[in-house]
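Structural characterization, general
Each chain, written out:
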Amino acid sequence: MSQASSKLTKVATTMTFDKFWGWLQRHTNCIRRAGTGDSVLFDHDEFHWNVVADEENTFILQLAVAKDLVGELIIVPAVVAYVQVEPSEEAEGEWTFECIAEAEDGRDVVYHFLLSHGYEDEDHEERWSH
């Protein structure tokens, strides 16, 4: 067996934004960071993540310490064509979730998330805690 064929290839998969967002709401304790092209929020042991949906079909991902807001991301699902999922190149076991918008001139990552584990299809409402 050649050296090239003995290495595992990392393959990206895709999912719908709705499927990803529903799953993410049950895994907020697993978020390591979340951001856009302009900003990034980093997790910390004293912080916690909140997910809020407003009436205008936008979602808000908040990072807080106690009751004090550290930062928030405003997420508009209508701009997301799909979510690309792949193992992180930064740390073993962590996974990158990129929300991709498509336009005539190409694709753009509009939101990105790093989680402590990959997506797993769930039949129950179990919360992960790491």
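**Details of the overall build of the protein**
- A tally of regular secondary structure across the protein gives 2 helices and 9 strands.
- In sequence order, the secondary structure elements of the protein are arranged as α-β-α-β-β-β-β-β-β-β-β.
- Within the protein, buried positions represent 37% of all 130 residues.
- Within the protein, residue pairs in contact and separated by at least 24 positions form 45% of the contacts whose partners lie at least 6 positions apart.

**Some details on the pattern of salt bridges**
- What the rule picks out here adds up to 3 salt bridges.
- Across the salt bridge formed by E90 and R33, the nearest N and O atoms sit 2.7 Å from each other. In this pair, E90 is assigned in the loop between strand 7 (82–87) and strand 8 (95–103) and R33 in strand 2 (residues 31–35), connecting sequence segments 57 residues apart.

**Observations concerning the pairing of strand 6 (residues 68–75)**
- The pairing of strand 5 (residues 59–65) with strand 6 spans 7 bridges and is classified as antiparallel. Within strand 6, the position partnered with L61 by the bridge is L73.

**Notes on the packing of aromatic side chains**
- Under the defined criterion, the tally for this structure stands at 9 aromatic pairs.
- Centroid distance F17 to W21: 5.6 Å. Interplanar angle 20°. Geometry classified as stacked. Taken together, the residues F17 and W21, both in helix 2 (residues 17–25) and 4 residues apart, mark about one turn of the helix.
- The exposure class of F17 is buried, given its relative accessible area of 4%.
- When the ring of W21 is compared with that of F59, the centres are 5.1 Å apart and the planes differ by 20°; the resulting orientation is stacked.

**Digging into the sheet that holds strand 5**
- Strand order in the open sheet made by the 3 strands is 4-5-6, with antiparallel pairing throughout. Taken across any chain shown, the strands that pair with only one partner, and hence form the sheet edges, are strand 4 (47–53) and strand 6. Pairs of neighbouring strands in the sheet enclose a mean axial angle of 20°, with direction left out of account.
- Note that strand 4 and strand 5 share 7 bridges and pair antiparallel. By the bridge assignment for strand 5, H48 is matched with A64.
- Across the sheet, helix 2 lies against strand 4, strand 5 and strand 6, angled at about 25° from strand 5, the strand it touches most.

**Quick word on the sheet that holds strand 3 (residues 40–42)**
- The strand order across the open sheet built from 6 strands is 1-7-8-9-2-3, with neighbouring strands paired in antiparallel fashion. Each edge of the open sheet is held by one strand with a lone partner, namely strand 1 (13–15) and strand 3. Pairs of neighbouring strands in the sheet enclose a mean axial angle of 25°, with direction left out of account.
- Taken together, the 3 bridges between strand 2 and strand 3 define a ladder with antiparallel strand orientation. Within the sheet, the bridge partner assigned to G35 lies in strand 3 and is V40.

Cut-offs and rules
Residues numbered from 1 in each chain as written. Predicted model: local features only at pLDDT ≥ 70, side-chain atom pairs only at ≥ 80, totals over all residues. Heavy atoms only, no water. Helix = DSSP H or I, 4+ residues; strand = E, 2+ residues; numbered from the N terminus. Buried < 20%, exposed > 50% of the residue type's maximum accessible area, 1.4 Å probe, protein only. Contact = heavy atoms within 4.5 Å. Salt bridge = Lys/Arg side-chain N within 4 Å of Asp/Glu carboxyl O. Pairing = 2+ DSSP bridges. Phe/Tyr/Trp six-rings, centres within 6.5 Å; stacked < 30°, edge-to-face > 60°. Axes fitted to C-alpha atoms, helices over the stretch in contact; angles between N-to-C directions.

All quantities given are derived from atomic positions and should not be read as evidence of function.
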